[in-house]
Amino acid sequence: MTEALRSTSDLTARLAQLTLYRWWRRSVVGRVDHQAVVARIVEDSGWSARFAFMTMMSAGIAVLGLLLSSPAVVIGAMLISPLMSPILGFGFSLALFDFAELRRSLKALAIGAGAAVAFTALIVLVSPLQAPTSEIVARTRPNLFDLAVALFAALAGTFAIIRGRGETIVGVAIATALMPPLAVVGYGVATRNVPVGAGAFALFVTNFITIALSATAMARFYGFGHHLSRRQSWAQTLVLILVFVAMAVPLGISLNRIGREALAVSQTRALLNERFGDNARVTQLDLDFAAAPLLVRAVVITPRGSMQKTPALQAALQEKLGRPIRLNLDQILLEAGAGALEAQREELRQAGDMAGQEAQRMTALSKMIALVTGVSADDVTIDRDHRRATAAAAALPGATVATYRTLEARAAAETEGWSVVIVPPQMPLPEIAFADNVDTLDAAAQAAVLTSAWAARRWNMAALGVPGLPSGTPPDRPNLSQRRALAIAAVLKAKNLAAVAAPPAGQRFSLLTGVSVPAP
């Protein structure tokens, strides 16, 4: 009796599965023209002259929008970006186990991505605007939400491709934002900002893999690759799950870190508002999470009677946040009886005074740097956001590279809170002298190498030629000249500069740039 019931139950389950399978084949798979969809995807997923042109134009628009911090321009770059096509081709090729199409799509994507990074890096190098904007910074910290956005957008885009709803792709292109991260990678390469470039590349890889695997899942749901064996289907499913989990873990950690930082800012503001009362106003609040201990900067406009002691507030914040902090607090005091309206007026007055004082400081800074570099004040570039002043120095009579380095150091010492960058004119680098039969750098020689490294940085060079430096692996028993060259190369490496072999220059070593600087 029990076995009969069990058999009846198994038969019912099989019939239900068969009914569901028939409905899926008829209502889902049967309404799709599989050959037409595959032909359309294959047509658009390969490398072509049109693909190359549109990729370059999209990359150029994206990097200009990022440098100008213009969301509208960045959105325009997303709309014309053709990168979605090879990624969808890659996803469908996984669903069909079509390795020829997979290689073709990956080739187009790799060449397109490389061209986009190179083109954007070139634009950044020739651009006078190189400061990281909010649009750039926003694409350097991928998190779990970015994966979710890419997942939902990819499912919608694949559905649109399969069911012929092409107008949906416009929204998908904006949501997935494939080109802006590549433009930020190019920015990171051009400015040698590794954290920015690495973060943007991680965001691009997240979007790329999520879109491709989502396309694979949707393609299988609509019957693409139905001829595959059960083993191949299970392999696809396992790969999809493992990859999504592998991406979700680090992105989830990143999201958790961002959430904890936002909570810390909220808790800090709430504590300051609670301690100072309703008549006070927290006008500035900044938490530097990279500092150790955590650095909290705050400006509070408060009635004199509500004035707080900084050590007591710092202790309260440490207890609230559960970590060591250092509090930099500026309190602007109002007269007794002042209320919220007076605090707001004081905030506006303070903002006006600070703006005027800041303008005066920048004017004085420009004149001072112009004086030491021999150029006009209009030729000094002032970056307010990053408090950096840059000037390309004129050729001063009798000045050497060391002279310009000394001028930069003196100017920086006189401008507290600002970084000064003086770019020397192209000229020979200092010679590095060694005493007889000595292969170590004395103080004078080391200073000459450091000066050369400084000049190379100002000239945006990544390598210096060292006469006598052996090519390839250093010999087991280098001669005196080679030992000296290796000593110089070690100092350059410590300054993140590459050393390459250059023609020998005798007893005195002259570093060569290999660009437009003649060898002494």
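Starting from 1, residues in each chain are numbered consecutively following that chain's sequence as written. Two thresholds apply to this predicted model, a pLDDT of at least 70 for residue-level local features and 80 or more for giving and counting side-chain atom pairs, whereas whole-chain, interface and lining totals are computed over all residues. The side-chain figures draw on all heavy atoms in the structure; neither hydrogens nor water molecules are used.

J.: Help me understand a nonpolar patch on the surface in this model?
T.: On the surface, a nonpolar cluster with roughly 360 Å² of combined accessible area is contributed by Ile241, Val245, Val249 and Ile253. Only DSSP runs of H or I covering at least 4 residues are called helices, and only runs of E covering at least 2 are called strands; the numbering of each starts at the N terminus. Here isoleucine 253 lies in helix α12 (residues 230-276). Residues enter a patch when their relative accessible area is above 30% and they make no salt bridge; the linking distance is 9 Å between like charges and 5 Å between nonpolar side chains (Val, Leu, Ile, Met, Phe, Trp, Tyr). Values of accessible area rely on a 1.4 Å probe in the Shrake-Rupley scheme; residue burial ignores everything except the protein chains shown. A side-chain nitrogen of Lys or Arg and a carboxyl oxygen of Asp or Glu constitute a salt bridge if their distance falls within 4 Å.

J.: How should the pairing of strand β1 (residues 281-288) be read in this particular structure?
T.: On a regular strand, one side chain projects to one face of the sheet and the next to the other, so that they alternate. Should DSSP find at least two bridges between two strands, the strands are regarded as paired. Of the pairings in the sheet, the one linking β1 to strand β2 (residues 294-303) comprises seven bridges and is antiparallel in character. In the strand pairing of β2, aspartate 286 is matched with arginine 297. Between β1 and β2, which pair antiparallel one after the other, the connecting turn spans five residues.

J.: Teacher, can you tell me more about the pattern of salt bridges here?
T.: In a structure, side chains of opposite charge can pair up when their charged atoms sit close to one another. Taken as a whole, this structure holds four salt bridges when the rule is applied. In this structure, arginine 104 and glutamate 101 form a salt bridge, with 3.2 Å as the shortest nitrogen-oxygen distance. In this pair, arginine 104 and glutamate 101 are both assigned in helix α6 (residues 99-126), three residues apart and thus about one turn of the helix distant. Arginine 104 sits in the partly exposed class, given a relative accessible area of 32%. Burial classes: relative accessible area under 20% of the type maximum marks a residue as buried, over 50% as exposed, and values in between as partly exposed (1.4 Å probe, protein chains only). Glutamate 101 gets classed as buried once you look at its relative accessible area, which sits at 8%.

J.: When you look at the sheet that holds strand β5 (residues 388-392) in this model, what are you seeing that I'm missing?
T.: To summarise the sheet geometry, strands pair through backbone hydrogen bonds and adopt either a parallel or an antiparallel arrangement. Reading across from one edge, β4-β5-β6 is the order of the three strands in this open sheet, with mixed pairing throughout. The open sheet has two edge strands with one neighbour each: β4 (381-383) and β6 (419-423). Sheet twist, expressed as the mean angle between neighbouring strand axes with direction ignored, is 15°. Of the strand pairs in this sheet, β4 and β5 are connected by three bridges, and their pairing is antiparallel. By the bridge assignment, isoleucine 382 is partnered in β5 with alanine 389. With axes taken as lines fitted to C-alpha atoms, and helix axes fitted only over the stretch in contact, angles between N-to-C directions fall between 0 and 180 degrees.

J.: Help me out: how do you make sense of helix α10 (residues 179-191) in this one?
T.: Since the α-helix advances by 3.6 residues per turn, residues separated by three or four positions end up pointing in the same direction. Spanning 13 residues, α10 covers 19 Å between terminal C-alpha atoms, matching the ideal 18 Å at 1.5 Å per step. By the criterion of burial, α10 is predominantly enclosed, with 11 of the 13 residues buried. Taken residue by residue, α10 has Met179, Pro180, Pro181, Leu182, Ala183, Val184, Val185, Gly186, Tyr187, Gly188 and Ala190 as its buried positions. Following α10 by one or two positions, arginine 192 adopts a phi angle in the positive range, close to 55°. One less than the number of residues in a helix, times 1.5 Å, gives the span that helix is expected to have.

J.: Before we go on, may I ask you to explain the confidence of the model for the protein in this structure?
T.: Keep in mind that low pLDDT regions are not for reading the predicted coordinates in detail. Each residue carries a pLDDT score, the predictor's own confidence in it, on a scale running from 0 to 100. Per-residue confidence for the protein gives a mean pLDDT of 76; residues scoring 70 or more make up 79%. Mean pLDDT per element in the protein: helix α1 (residues 2-29) is the minimum at 56, and α10 is the maximum at 90. By definition in these notes, contact holds between two residues if any of their heavy atoms fall within 4.5 Å. Every residue in residues 351-355 scores below 50 in pLDDT, and together they form one contact with partners more than four places removed in sequence or on other chains. Every residue in residues 514-520 is under pLDDT 50, and counting partners more than four places away or in other chains gives 14 contacts.

J.: Would you mind showing me how to read the packing of α10 against helix α11 (residues 194-221) here?
T.: The description of two packed helices rests on the angle between their axes and on the distance between the axes. Look at α10 against α11: their axes get within 8 Å of each other, and the N-to-C directions meet at 160°. Considered as vectors, α10 and α11 are oriented roughly antiparallel to each other. For the element pair α10 and α11, the recorded crossing hand is left-handed. Of the residues in α11, those in contact with Pro181, Leu182, Val184, Val185, Tyr187 and Gly188 of α10 are Val196, Gly197, Ala200, Phe201, Leu203 and Phe204. Every angle not falling under 35 degrees, over 145, or within 65 to 115 is termed oblique; those three ranges are roughly parallel, roughly antiparallel and roughly perpendicular. Each crossing gets its handedness from the near helix: less than a right angle anticlockwise from the far helix is left-handed, clockwise is right-handed.

J.: I keep staring at the nonpolar core and nothing clicks. Help me out?
T.: Nonpolar side chains tend toward joint burial in soluble globular proteins. Only buried Ala, Val, Leu, Ile, Met, Phe, Trp, Tyr and Cys residues count toward a nonpolar core, and they belong to the same one when joined by side-chain atoms within 4.5 Å. Formed by 52 residues in total, the largest nonpolar core has its most connected members in Val37, Leu83, Phe92, Leu182 and Phe224. Looking at which element gives the most residues to this core, the answer is α11, with nine residues. When neighbours within four sequence positions are excluded, valine 37 is seen to be in contact with Val32, Phe92, Ile161, Ile162 and Phe224. Ala370, Ala391, Tyr404 and Met427 belong to the second-largest nonpolar core, a separate cluster that totals 41 residues.

J.: Even after reading the chapter, I still don't get the environment of serine 69, so can you show me in this structure?
T.: Among the secondary structure elements, serine 69 is positioned in the loop between α3 (49-68) and α4 (71-80). Under the relative-accessibility criterion, serine 69 is labelled partly exposed at 29%. On a C-alpha basis, the gap between serine 69 and isoleucine 136 in space is 7.8 Å, while along the polypeptide they are 67 residues apart. Apart from the residues within four sequence positions on either side, serine 69 is in contact with Thr133, Ser134 and Glu135.

J.: Which parts of the structure should I look at to understand the side chain of threonine 120?
T.: Relative to the elements of secondary structure, threonine 120 occurs in helix α6. For the purposes of these results, a polar contact is taken to be a pair of N or O atoms within 3.5 Å, where, inside protein, one atom must be able to donate a hydrogen and its partner to accept one; residues adjacent in sequence count only when each atom of the pair is a side-chain atom. Only 2.8 Å separates the side chain of threonine 120 from the backbone oxygen of alanine 116, close enough to count as a polar contact.

J.: What should I look at first to understand the packing of helix α16 (residues 443-458) against helix α17 (residues 480-494) in this one?
T.: Where α16 meets α17, the axes come as close as 10 Å, and the angle between the chain directions of the two elements is 45°. By the angle between their directions, the pair α16 and α17 is classed as oblique. Handedness of the crossing formed by α16 with α17: right-handed. Packed against α16, whose contacting residues are Val449, Leu450 and Ala453, the element α17 presents Ile488, Val491 and Leu492 at the interface. Residue type decides the class: Asp, Glu, Lys and Arg count as charged, Ala, Val, Leu, Ile, Met, Phe, Trp, Tyr, Cys and Pro as nonpolar, and the leftover types, Gly among them, as polar. Tallied by class, residues from the contact of α16 with α17 come to six nonpolar, no polar and no charged.

J.: When you look at the packing of aromatic side chains in this model, what are you seeing that I'm missing?
T.: Two numbers describe a pair of aromatic rings. These are the distance of the centres and the angle of the planes. Only rings of Phe, Tyr and Trp enter the pairing, Trp through its six-membered ring, and a pair is recorded when the two centres are within 6.5 Å. The plane angle decides the type: under 30 degrees is stacked, over 60 is edge-to-face, the rest tilted. In the structure shown here, the tally under the stated rule is five aromatic pairs. Centre to centre, the rings of phenylalanine 159 and tyrosine 222 are 6.4 Å apart; their planes meet at 55°, and the pair counts as tilted. Of this pair, phenylalanine 159 sits in helix α8 (residues 144-163) while tyrosine 222 is found in the loop between α11 and α12, placing the two residues 63 residues apart along the sequence. You can call phenylalanine 159 partly exposed: its relative accessible area is 32%. Owing to a relative accessible area of 7%, tyrosine 222 belongs among the buried residues under this scheme. Both rings, one in phenylalanine 221 and one in tyrosine 222, keep their centres 5.2 Å apart while their planes meet at 90°; by these two values the pair is edge-to-face. Taken together, the ring pairs in this structure connect Phe90, Phe204 and Phe208 into an aromatic cluster.

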